[in-house]
Amino acid sequence: MTISDTNTALRRGGSRARRRGLAILGFLLTVATTFLGLLAVTFFIGRVVPIDPALAIVGDRAPAHVVERVRLELGLHLPLYQQFWIYLKQALSGDFGTSVLTTNPVLTDIKRVFPATIELATVGTIIGAVLGVPLGVLAAVKRGSLIDQVVRVIGLVGYSVPIFWLGLLALLLFYAKLNWVAYPGRVDIVYEYSFTPVTGFFLLDAAMQRQWDVLWDLLRHIILPGALLGYFSLAYISRMTRSFMLNELSQEYIVAARAKGLSEARIIWFHALRNAAVPLVTVIALSYAGLLEGSVLTETIFAWPGLGLYITNSLQNADMNAVLGGTVVIGSVFVGINLLSDLLYRTLDPRTRNR
Amino acid sequence: MSIAEVQPRPYSREWLLSDRPSSRRQARLGRAYVIWRRFAENRLALLGLFILVALLFVAAFADVLAPHNPLQGDLRNARLLPPGADGYILGTDDQGRDILSRLIHGSRLTLFVVVLVAVIAAPVGLIVGTVSGYAGGAIDAVLMRITDIFLAFPKLVLALALVAALGPGIENAILAIAVTSWPPYARIARAETMTFRNSEFISAVRLMGASPPRIVMRHVMPLCLSSLIVRVTLDMAGIILTAAGLGFLGLGAQPPLPEWGAMIASGRRFILDQWWVAAMPGLAILIVSLGFNLLGDGLRDALDPKEAGQ
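In this text the structure is predicted, and so the values were computed from the model without any measurement.

Undergrad: Can you walk me through the overall build of chain B in this structure?
TA: Regarding its fold elements, chain B presents twelve helices and zero strands. Each helix (α) and strand (β) of chain B, taken in turn from the N terminus, gives the series α-α-α-α-α-α-α-α-α-α-α-α. Across its three principal axes, chain B shows a C-alpha extent of roughly 80 × 55 × 35 Å. Classification of the 310 residues of chain B by burial places 45% in the buried group. Relative to all contacts within chain B whose residues are 6 or more apart in sequence, the contacts with residues 24 or more apart total 66%.

See below:
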């Protein structure tokens, strides 16, 4: 290697590092502005949209001195930009005010209920991915066949059905008529005192404490809402898998693999799926984020004590602090997952690295 | 080759498919005909179109079609009758109201929501997207950051929070859904604008002295319309589902309005014994949003054959 070669290599390396740095800086800037925007929107909803935010928080039946006190506490006499600054500082230190309904700080409440939502969304995504990916692959391989049609119909119905309605019908059938699953809720009242969760993820806790009867009961509770959310992520994942696989199967390396004499199964499940897996990771991450949102209606139906139920309960009681706190948390997780999937995509797909 | 080429009869198939149209109108009609033929090949898309037309028909003639009063029931004799009961094809609810009549009148609310959201959100997205794409630079950066922020919000949760602040009601639900649905339209319009903002016909218009607003309004926007229409149609199902979800949570249309989501919510109490009260409105929602999905898929395939089958 000559000196000039190393020089250009070094220079190229240097510019690449700088580009890398710029990309990371841009990424961080995106994260920062998105979170700022998120807080700006919730601030706007909480303070600007209601005619009187103090009344919106304490309710219109509150005595005048309470309203006046809340008004001062909120700093409503200050100009809007100062209010926003205060809101920003509080939100960044995790202070979303106090819930009127539970009288706890909103963050404490959210910490208590969020694991239930995560658990439900995780079970849903696992069901959706485990069933959705193979279905999508089969539909792509046997394009136009019966299974392709079936997958298409499953997807179409999944996109068109109201989730809360399907949940009600599922409860009617599997709980009331067939009695295969437990009634709405997360755990049977019998175990409420004998079982002490540690992490908040009940399935994990029960398994670690070797309380197998509790685990069985938990499974009987989670299976229906989990399967319901799983169906929605299945509809999305199978459709996307099909389209990615069709794209891969038309590539030339597949022809080459066939010419080499590899078995069809090996070509499909190893060569094609491996390449389709890169965008699929993004899709699965996005469907996970979507389930966190979908859980709002599902939790209401299944009395699942998670963030969704917390938000809807607070809504019904005009508890704006709790609603907005929950919105910020779900929004942040949403943004976080989006950014994470973006990063994952960049790491997994070498083609995007040098861009 | 003789000069007097046989001209096909106007409006015949040959006239429409002619590759040498003699007037602008013939070209336009011909193009529409080709798109229609591609669309009509797809049976599911036709089914979607049929569902939509049926919805429009039912909504237009709700007063004539509904056999009973949707708001006032027969409390004494007709409470919670099962489907098929005397004169009540789909049964009655807890207040003795005919469910079919309520569904028929509810179709108006559904259309009202869908149309209004589209009328508010699509132009906003179109303006933001085309201005952003045509102007570029700082304007583009700022507008797209704002779009991304709204895109980052989970739709239903943002709509929930907005309605909570505005107060429940169908108008506020529409506003909340519109606020959450414009960002994808802006993204699409911007992407479309970027593809031809540097093309020659835009330069030509600019040389002729057209102002940027005129270029955007008269020359950029019309070209973004077709992909926007497809996207809006595909989104209609989502809008219906979100509206129904808000109605189910008691944040949309208020009783006694026969909004389908709210009807499911009121039927929830009787789900174990009188399943039809909640089941029927859900079925209506499913059919209508399925129709919009099929129509949207068909339109996309017909307008953009590249994407077909994916």
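Moving on, there is more to tell.
Undergrad: In this structure, what is going on with the interface of chain B and chain A? I would like to understand it.
TA: One widely used convention gives an interface's size as the accessible area the parts lose upon coming together. Of the residues lining the interface, 35 residues belong to chain B; the matching set on chain A comes to 39 residues. At the level of elements, α6 (137-152), α7 (155-166), α10 (212-248) and α12 (276-303) of chain B are the ones that each hand at least two residues to the side of chain B that touches chain A. Considering each element in turn, the side of chain B that touches chain A owes the most residues, nine residues, to α7 of chain B. Across the side of chain B that touches chain A, the residue classes break down as 27 nonpolar, five polar and three charged.

Undergrad: Just to check I follow, could you spell out α7 of chain B for this structure?
TA: Because each turn of an α-helix spans 3.6 residues, side chains separated by three or four positions end up pointing in the same direction. All names here are of chain B. In a regular helix each residue adds 1.5 Å, so twelve residues correspond to 16 Å; α7 covers 16 Å between its end C-alpha atoms and thus fits that length. In terms of residue burial, α7 counts as a mostly covered element, since eleven of its twelve residues are buried. Along α7, the residues that are buried comprise Lys155, Leu156, Val157, Leu158, Ala159, Leu160, Ala161, Leu162, Val163, Ala164 and Ala165. Downstream of α7 by one or two residues, Gly167 has phi in the positive range, about 100°.

Undergrad: Looking at this structure, how should I read unusual backbone geometry?
TA: The bulk of non-glycine residues show a negative phi, and the bulk of peptide bonds are trans. Omega for the peptide link from Pro255 of chain B to Pro256 of chain B comes to 5°, which places this bond in the cis form. Looking at the element boundaries, Pro256 of chain B is found in the loop between α10 and α11 (260-267). The phi angle at Asn179 of chain A is positive, at roughly 60°, despite the residue not being glycine. Topologically, Asn179 of chain A is positioned in the loop between α7 (163-177) and α8 (202-208). Backbone geometry at Ala303 of chain A places phi at a positive 50°, although glycine is not the residue there. One can find Ala303 of chain A in the loop between α11 (264-302) and α12 (307-316).

Undergrad: Explanation requested: the packing of helix α5 (residues 99-135) of chain B against helix α8 (residues 170-196) of chain B in the structure shown.
TA: How two helices sit against one another is set out by the angle between their axes and by the gap between those axes. Axis separation between α5 of chain B and α8 of chain B bottoms out at 6 Å; the angle between their running directions is 35°. Our pair here, α5 of chain B against α8 of chain B, has a crossing hand that is right-handed.

Undergrad: How should the nonpolar core be read in this particular structure?
TA: The tendency in soluble globular proteins is for nonpolar side chains to be buried side by side. Among the nonpolar cores identified, the biggest contains 167 residues, and Leu160, Ala161 and Ile240 of chain B are the most heavily contacted of them. Ignoring anything within four residues of it in the chain, the contact list for Ala161 of chain B reads Thr42, Ile45, Val323, Leu324 and Thr327 of chain A.

Parameters and conventions
Residues numbered from 1 in each chain as written. Chains lettered and ligands numbered in written order. Predicted model: local features only at pLDDT ≥ 70, side-chain atom pairs only at ≥ 80, totals over all residues. Helix = DSSP H or I, 4+ residues; strand = E, 2+ residues; numbered from the N terminus. Buried ≥ 20, exposed ≤ 12 C-beta atoms within 10 Å, placed from the backbone. Contact = placed C-beta atoms within 7 Å. Nonpolar A, V, L, I, M, F, W, Y, C, P; charged D, E, K, R; others polar. Expected span 1.5 Å × (residues − 1). Axes fitted to C-alpha atoms, helices over the stretch in contact; angles between N-to-C directions. Left-handed = near helix turned anticlockwise from the far one by under 90°. Core = buried A, V, L, I, M, F, W, Y, C linked by C-beta atoms within 7 Å.

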